[in-house]
Amino acid sequence: MDLNVSDFENKMKDTFLTEPIILSAEKICREATPGPWSVSRQIRDGYGFIYLVMGNYSAHFDTTTIETLNKHGKDAEFCAMARTVLPMALLKIRLLENRISRLVYELDGYRHQIS
């Protein structure tokens, strides 16, 4: 299969995770409270509380039943995990993009040597 840089870039335009989305996610990560975040659960006087702990402060979800306690707890766990994992995933994307660009460039160089 013959693949050059412009073919690769055209194929990448068809993907869901576009450059504007990646740039937006990177900006959100830079502007958010640094991670890692964590989750704390408490039950007091028959009420459940979920705290999403972000650095020196926390946001809480008031819950009234075990079902909503579990649901909000899962949402808070997702937020905490995403704060840690999303920046790592974005960095990995950038590293892989650079590696692919270098490999495609080298491949194009070899093609020119052969022809």
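Up top is the structure these notes are about.
Values in this document were obtained by computation on a predicted structure and should not be read as measured data.

Participant: Can you tell me about the overall build of the chain, naming the residues and giving the values?
Facilitator: The secondary structure content of the chain amounts to three helices and three strands. Each helix (α) and strand (β) of the chain, taken in turn from the N terminus, gives the series α-α-β-β-β-α. Taken across its 115 residues, the chain has 19% of its residues classed as buried. In the chain, the share of contacts with a sequence separation of at least 24, taken over all contacts with a separation of at least 6, comes to 49%.

Participant: I'd like a description of the pairing of strand β1 (residues 38-44), backed by residues and values.
Facilitator: When β1 meets strand β2 (residues 47-54), the two strands line up antiparallel, connected through seven bridges. Bridge pairing in β2 links Ser 38 to Val 53.

Participant: Account for the pattern of salt bridges, with residues named and values stated.
Facilitator: This structure, assessed with the given rule, holds seven salt bridges. Here Lys 27 and Glu 31 are joined by a salt bridge, their closest N and O atoms 2.9 Å apart. Taken together, the residues span about one helical turn, with Lys 27 and Glu 31 both in helix α2 (residues 19-31) at a distance of four residues. Under the relative-accessibility criterion, Lys 27 is labelled partly exposed at 41%. When salt bridges with common partners are traced through the structure, they connect Glu 19, Glu 26, Arg 94 and Glu 97 into a single cluster.

Participant: Residues and numbers for unusual backbone geometry, please.
Facilitator: That bond from Gly 35 to Pro 36 is cis: its omega, 0°, falls within 30 degrees of zero. Within the element layout of this structure, Pro 36 appears in the loop between α2 and β1.

Participant: Outline α2, listing residues and values.
Facilitator: End to end, α2 covers 18 Å across 13 residues, agreeing with the expected 18 Å (1.5 Å per residue, within 8%). Of all the residues in α2, the buried ones are Ile 22, Ala 25, Glu 26 and Cys 29. All buried residues of α2 lie within an arc of 100° about the axis, which places them on one face of the element. α2 presents Pro 20, Ile 28 and Glu 31 as exposed residues on the side facing more than 90 degrees away from its buried surface.

Participant: Can you lay out the environment of Glu 77 for me, pointing to particular residues and giving the numbers?
Facilitator: Tracing the backbone shows Glu 77 in helix α3 (residues 66-114). Residue Glu 77 is classed as partly exposed on the basis of its relative accessible area, which comes to 29%. Through-space distance from the C-alpha of Glu 77 to that of Trp 37 is 9.0 Å; in sequence the pair is 40 residues apart. The contact partners of Glu 77, leaving out residues within four places of it in the chain, are Val 39 and Arg 41. A distance of 2.7 Å separates the side chain of Glu 77 from the side chain of Arg 41, its partner in a polar contact.

Participant: Residue-level account of a nonpolar patch on the surface, with values.
Facilitator: On the surface, Phe 78, Met 81, Val 85 and Met 88 cluster together to form a nonpolar patch covering roughly 390 Å² of accessible area. Structurally, Phe 78 can be placed in helix α3. Judged by its relative accessible area of 53%, Phe 78 is exposed.

Conventions used here
Residues numbered from 1 in each chain as written. Predicted model: local features only at pLDDT ≥ 70, side-chain atom pairs only at ≥ 80, totals over all residues. Heavy atoms only, no water. Helix = DSSP H or I, 4+ residues; strand = E, 2+ residues; numbered from the N terminus. Buried < 20%, exposed > 50% of the residue type's maximum accessible area, 1.4 Å probe, protein only. Contact = heavy atoms within 4.5 Å. Pairing = 2+ DSSP bridges. Salt bridge = Lys/Arg side-chain N within 4 Å of Asp/Glu carboxyl O. Expected span 1.5 Å × (residues − 1). Arc of directions from axis to C-beta. Polar contact = N/O pair within 3.5 Å; in protein donor to acceptor, adjacent residues only side chain to side chain. Patch = residues over 30% accessible without salt bridge, like charges linked within 9 Å, V, L, I, M, F, W, Y side chains within 5 Å. Areas by Shrake-Rupley, 256 points an atom, 1.4 Å probe, with all protein chains shown as cover.

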